[in-house]
Amino acid sequence: MRRFTVPLVAALLAAVTALTPAHARDTGSLPYPDGTGVGVHNAYEKSAFRYLADALDSGAAMLELDVWTNGFGSGWRVSHDTPLWNDNNCVGATTPDGLRSGARDRRLEGCLSDLRTWSDAHPGHRPILLKFEMKDGFNAVGGRGPAAFDALVDRHLGQKVYRPAELAAGHRDLDEAVRAKGWPSRAELAGRFLIHLIPGTVEEGNPFDTLWTDREYATHLRDLAAGGRLASATAFPAVHHAEAGDPRVRRYSDASLRPWFVVFDGDASAYTDGSIDTRWYLRHNYLLVMTSVHRVPPAIDGRNPTEAQALARVGQLAAAGASVASSDWVGLPSVLAAVVPRGG
């Protein structure tokens, strides 16, 4: 079990404080999950970035978007706590000049259009993980299920998305693939987006919802693979919340779903309190997203820590096995652009 002593944290502080974006480029040969980057929680909110393009320009390794699908509003809505309409920094740009003009508050397709337009204007950009919290889950009955999500993403981002089929190529499933060959390097994923999905807070609190996003999309992947159609899938389902051991065993009674989970997403404090051996994620080449990293004792400011504090925290969590350390440090571009080899 890895524990953090005062000398170790001090050493991490000394090493990571010197990190610059130029150093981050040296991590290009690392397998994708082995370069610990920094994520931004709710990057679509106007209080975080005026425009989604600003979030993309920030250098962050992961950007989070919240999506609503219920039938009380139209389309795929992007907002934090307004389930019936959109409240976000997306403008639906189709040209680079339009990324910071026009009305915001677009539906998900507008955000995807911004992503595509920005990516086209920045060929070879860093690989960017897009975290979608499906606030109230999928709504297949209303035409907003996993297949419709894939079609929407494919229409706007196409082959800019690194897909499960690419990772699974030559193997039965995702788990077999990452254990056998691991992930592509960060350099090989330049210019690409990766998408992972988690169940939303409303979905997880809904006693009438028995089919959460993680299980629904994993079932979708399994069934696509069985029919030879895995190439149409665009996202990776994530096991949500930290848990000791292999959390898939307790979460998914249907063992056929477990091999489709190679992304894990949970609270950093739980991963680092001594109860979870995170070396398990490193041994099996899994991608591990740690959230609310500012709360790890000793807690630091969730939005405006000092650069030294934030970089030290990133180094600490890299040593603990994180692939992404996520918080709300929108005002620290040098930290957002940092990439640290994970594993310590």
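Each chain carries its own residue numbering, running from 1 in the written order of its sequence. Side-chain atom pairs in this predicted model are given and counted only at pLDDT of 80 or more, local residue features only at pLDDT of at least 70, and totals for whole chains, interfaces and linings cover all residues. Side-chain figures throughout are based on the complete set of non-hydrogen atoms in the structure, without hydrogens or water.

Some details on empty space enclosed by the protein
Phase 1 of the analysis: A 1.4 Å probe that fits into a set of points on a 1 Å grid over the protein atoms alone but cannot get out defines a cavity; an open set with protein on both sides within 12 Å along at least five of seven lines defines a pocket, and lining residues are those with an atom within 4 Å of a point. Grid points are joined across faces, edges and corners, and a volume is the space filled by probe spheres set on the points. Under the definition given, this model contains two cavities of 30 Å³ or more.
Phase 2 of the analysis: In this model, the second largest cavity occupies a volume close to 50 Å³.
Phase 3 of the analysis: Polarity classes work like this: nonpolar for Ala, Val, Leu, Ile, Met, Phe, Trp, Tyr, Cys and Pro, charged for Asp, Glu, Lys and Arg, and polar for all others, with Gly in that last group. In terms of residue class, the lining of the second largest cavity is made up of five nonpolar, three polar and one charged.

Points about the nonpolar core
Phase 1 of the analysis: The biggest cluster of nonpolar side chains holds 97 residues, and the ones touching the most others in it are Leu-108, Phe-132, Phe-149 and Trp-183.
Phase 2 of the analysis: Contacts are assigned to residue pairs that have any heavy atoms within 4.5 Å of one another. Leaving out residues up to four positions away in the same chain, Phe-132 has contacts with Leu-65, Val-67, Leu-108, Leu-112, Phe-149, Ile-195, His-196, Leu-197 and Ile-198. The definition of a nonpolar core used throughout is a set of buried Ala, Val, Leu, Ile, Met, Phe, Trp, Tyr and Cys residues joined through side-chain atoms within 4.5 Å. Between buried and exposed lies partly exposed: a residue is buried under 20% and exposed over 50% of the maximum accessible area for its type, with that area taken using a 1.4 Å probe on protein chains only.

As for helix H9 (residues 213-226)
Phase 1 of the analysis: Comment: elements are numbered from the N terminus, with helices defined as DSSP H or I runs of at least four residues and strands as E runs of at least two. By definition here, a helix of n residues has an expected span of 1.5 Å times n minus one. The end-to-end C-alpha separation of H9 is 20 Å, in line with the 20 Å expected for 14 residues at 1.5 Å each.
Phase 2 of the analysis: Taken residue by residue, H9 has Thr-213, Asp-214, Glu-216, Tyr-217, Ala-218, His-220, Leu-221 and Leu-224 as its buried positions.
Phase 3 of the analysis: Two residues or fewer past H9, Gly-228 is found with a positive phi of approximately 70°.

Examining the state of the cysteines
Phase 1 of the analysis: Cysteine sulfurs are considered disulfide-paired once they come within 2.5 Å of each other. On inspection of all chains with the given rule, the structure shows one disulfide.
Phase 2 of the analysis: Shown here is the disulfide that connects Cys-90 with Cys-111, its sulfur atoms set 2.0 Å apart. Negative torsions about the S-S bond denote left-handed disulfides, and the value of about 100° found for Cys-90 with Cys-111 makes this one right-handed. In this pair, Cys-90 is assigned in the loop between strand E3 (77-78) and helix H4 (108-121) and Cys-111 in helix H4, connecting sequence segments 21 residues apart. You'll find Cys-90 and Cys-111 in the same group, each marked buried.

Topic: unusual backbone geometry
Phase 1 of the analysis: Omega for the bond connecting Pro-297 with Pro-298 falls within 30 degrees of zero, at -5°, which places this linkage in the cis form.
Phase 2 of the analysis: Position of Pro-298 relative to the elements: it lies in the loop between strand E8 (287-291) and helix H13 (307-319).
Phase 3 of the analysis: Phi at Asn-285 takes a positive value of approximately 65°, unusual for a residue other than glycine.
Phase 4 of the analysis: Turning to its location among the elements, Asn-285 is positioned in the loop between helix H12 (279-283) and E8.

Topic: the pattern of salt bridges
Phase 1 of the analysis: Each salt bridge in this description consists of a side-chain nitrogen of Lys or Arg and a carboxyl oxygen of Asp or Glu lying within 4 Å of one another. Tallying each qualifying case throughout the model produces 22 salt bridges.
Phase 2 of the analysis: Arg-116 is paired through a salt bridge with Asp-120; the nearest N and O atoms lie 3.3 Å apart. One end of the pair, Arg-116, and the other, Asp-120, are both in helix H4, four residues apart, so they sit about a helical turn from each other.
Phase 3 of the analysis: Residue Arg-116 is classed as partly exposed on the basis of its relative accessible area of 30%.

Topic: the pairing of strand E7 (residues 263-267)
Phase 1 of the analysis: In terms of burial, E7 is largely enclosed, as four of its five residues are buried.
Phase 2 of the analysis: Two strands form a pair only when DSSP identifies at least two bridges running between them. Note that strand E6 (residues 236-240) and E7 share three bridges and pair parallel. Within E7, the residue paired with His-240 across the bridge is Asp-265.
Phase 3 of the analysis: When E7 meets E8, the two strands line up parallel, connected through five bridges. Bridge assignment links Phe-264 to a residue of E8, and that residue is Leu-288.

So, the layout of surface pockets
Phase 1 of the analysis: Of the volumes computed, that of the largest pocket is approximately 420 Å³.
Phase 2 of the analysis: Elements with a minimum of two residues in the lining of the largest pocket: strand E2 (62-68), strand E4 (128-134), strand E5 (193-199), helix H8 (201-204), E7 and strand E9 (324-327).
Phase 3 of the analysis: Here the lining of the largest pocket takes three residues from E7, the largest share from any one element.

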